[in-house]
Amino acid sequence: MHVLKPAFTATTAMLAAIVLSSCSPPGPAPDEATEKTQPNQSEWPEEIPSSGLVKGLELPLESYMVPYSDQVIIDSAIRTLQTKCMAEYGFTVDLPRPGINPPASNNNMNIERRYGITDRAQAEKYGYLLSPEQQKYTVQQTPDLPGIQVEVLTGRTKPEPIAAPTGSDGGYSGLGEKTKPARAEHDGKKLHKGGCAEWSKQQLELDESDAGFVTQLASTALSEARPHKTIEKAIKNWSACMKDKGHTASDPYRATEKGLGNTETKDSIALALDDIDCKEQTRLIEVWFKEESTVQKRLIKENRAQLTAAKMRLKDVLTAAKAVK
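Residues numbered from 1 in each chain as written. Predicted model: local features only at pLDDT ≥ 70, side-chain atom pairs only at ≥ 80, totals over all residues. Heavy atoms only, no water.

A few words now on the overall build of the protein. Looking only at helices and strands, the protein features twelve helices and two strands. Starting at the N terminus and walking to the C terminus, you meet the elements of the protein as α-α-α-α-α-β-β-α-α-α-α-α-α-α. A sequence separation of at least 24 residues applies to 79% of the contacts in the protein between residues at least 6 apart. With the model as given, the accessible surface of the protein reaches about 18000 Å², and the carbon-plus-sulfur share is 52%. (Helix = DSSP H or I, 4+ residues; strand = E, 2+ residues; numbered from the N terminus. Contact = heavy atoms within 4.5 Å. Areas by Shrake-Rupley, 256 points an atom, 1.4 Å probe, with all protein chains shown as cover.)

Secondary-structure assignment places Gln-149 in helix α5 (residues 147–154). We classify Gln-149 as buried; its relative accessible area is 12%. Sequence separation between Gln-149 and Thr-92 is 57 residues; the distance between their C-alpha atoms is 9.6 Å. Sequence-distant contacts of Gln-149, that is, excluding residues within four places in its chain, are made with Met-86, Phe-91 and Val-93. (Buried < 20%, exposed > 50% of the residue type's maximum accessible area, 1.4 Å probe, protein only.)

Centre distance and the angle of the planes are the two values used to describe a pair of aromatic rings. The full count for this structure, using the stated rule, is three aromatic pairs. Centre to centre, the rings of Trp-44 and Tyr-68 are 5.3 Å apart; their planes meet at 85°, and the pair counts as edge-to-face. Highlighted residues: Trp-44 in the loop between α1 (10–23) and α2 (68–88) and Tyr-68 in helix α2, separated in sequence by 24 residues. In this structure Tyr-68 comes out as buried when scored by relative accessible area, which is 9%. Ring centres of Tyr-253 and Trp-288 lie 5.9 Å apart, and the angle between their planes is 65°; on these two criteria the pair is classed as edge-to-face. Remark: Trp-288 occurs in helix α11 (residues 284–302) and Tyr-253 occurs in helix α9 (residues 252–261); sequence separation between them is 35 residues. Judged by relative accessible area, which is 5%, Tyr-253 ranks as buried. The structure contains a cluster of three or more aromatic residues connected by ring pairs, namely Tyr-115, Tyr-253 and Trp-288. In this arrangement the basic side chain of Lys-189 is found over the ring face of Tyr-89, its NZ or CZ atom lying 5.3 Å from the centre. One residue, Lys-311, lies across the ring of Tyr-64, its end atom 4.9 Å from the ring centre. (Phe/Tyr/Trp six-rings, centres within 6.5 Å; stacked < 30°, edge-to-face > 60°. Lys NZ or Arg CZ within 6 Å of the ring centre and 35° of its normal.)

Attention now goes to the packing of helix α7 (residues 209–225) against α11. At a minimum axis separation of 9 Å, α7 and α11 run at an interaxial angle of 130°. In terms of orientation, α7 and α11 fall into the oblique class. Note that α7 runs across α11; the crossing there is right-handed. Where α7 approaches α11, its residues Leu-217, Ala-218, Thr-220, Ala-221, Leu-222, Glu-224 and Ala-225 are matched on the opposing element by Trp-288, Glu-291, Glu-292, Val-295, Gln-296, Arg-298 and Leu-299. Across the contact of α7 with α11, the residue classes tally to eight nonpolar, two polar and four charged. (Axes fitted to C-alpha atoms, helices over the stretch in contact; angles between N-to-C directions. Parallel < 35°, antiparallel > 145°, perpendicular 65-115°, else oblique. Left-handed = near helix turned anticlockwise from the far one by under 90°. Nonpolar A, V, L, I, M, F, W, Y, C, P; charged D, E, K, R; others polar.)

What follows is about the packing of α7 against helix α12 (residues 304–322). One can describe the packing of α7 onto α12 by two numbers: an axis separation of 10 Å at closest approach and a directional angle of 135°. With respect to α12, the axis of α7 lies oblique. Between α7 and α12 lies a crossing of left-handed hand. Across the interface between the two elements, Asp-210, Phe-213, Val-214 and Leu-217 of α7 pack against Gln-306, Leu-307, Ala-310 and Arg-313 of α12. Of the residues in the contact of α7 with α12, the class split is five nonpolar, one polar and two charged.

So, about the state of the cysteines. All chains considered together, the criterion is met by two disulfides. A sulfur-sulfur distance of 2.1 Å marks the disulfide that ties Cys-85 to Cys-196. Residues Cys-85 and Cys-196 are joined through a disulfide that is left-handed, its torsion about the S-S bond being -70°. On the criterion of sequence distance, the pair formed by Cys-85 in helix α2 and Cys-196 in helix α6 (residues 195–204) is long-range, its members being 111 residues apart. For Cys-85, a relative accessible area of 0% puts it in the buried group. The class for Cys-196 is buried, based on a relative accessible area of 0%. Of note for the protein: the bonded cysteines, numbered N- to C-terminal, pair according to 1-2, 3-4. (Disulfide = S-S within 2.5 Å.)

Structure below.
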């Protein structure tokens, strides 16, 4: 089932990325040697989908989410600040450049796949998988920094991978449990609390809980809308349509799980195309979107003050980010 999760803290994500990087083979493969170094905005996700069953659709809470283009501005400013901060401790680092490997969706709503797969053109090529370009978003290279640099950057010691469980196929990796607060200073200069990463966010007055709050409201809306009778009826009709085509799936999320678990690409593609055709035939997306929109509008009304404040803070963060040189 597609569930939106609260935002992952930047420091935790950075530590995890450093661990995964250290577990990766050293150096890029020959065909990856020409890694992009500058973002190509033409590859960024559309603010509102222009194709598929969600064409032109935008849920109410999306207006309170950070669009990808703004996220790149914020992340680029943070990268600049982190780089300058690290230099003050005598370290030259080349941190990942925002905007290089864009995600498949413009924001955390993930409208393109919120109700399962919706784009027939993509399904014809990849089934339930993202395109190879979109998959790169999850594998952006992070430098394997030496321990002291990790401490200065994150305010934590460098984690070590957890040993693979007995019987593992060797593909296991995880975040070590023995990370602890970084040393107090380096070469006589006191480390920032939370490292250069936290210091950089503070310079922008970035409150990450704002994005988490909006995402949590969106998750609540999805859960509250699901049992509505009109959605239940549409899903039952969709399931019956799928059964007529030779598939067993109680809802679109089960179909997605089945499609992603199928190693035969042609079978996954066939399932995905039938899934989309049945959604179109039963108007499932239209019904689900309408009902969830109603729920989101109510949640916006109930949380107007907090949402408005979060939106104003985001505006201030963007202003501060644009001023970073």
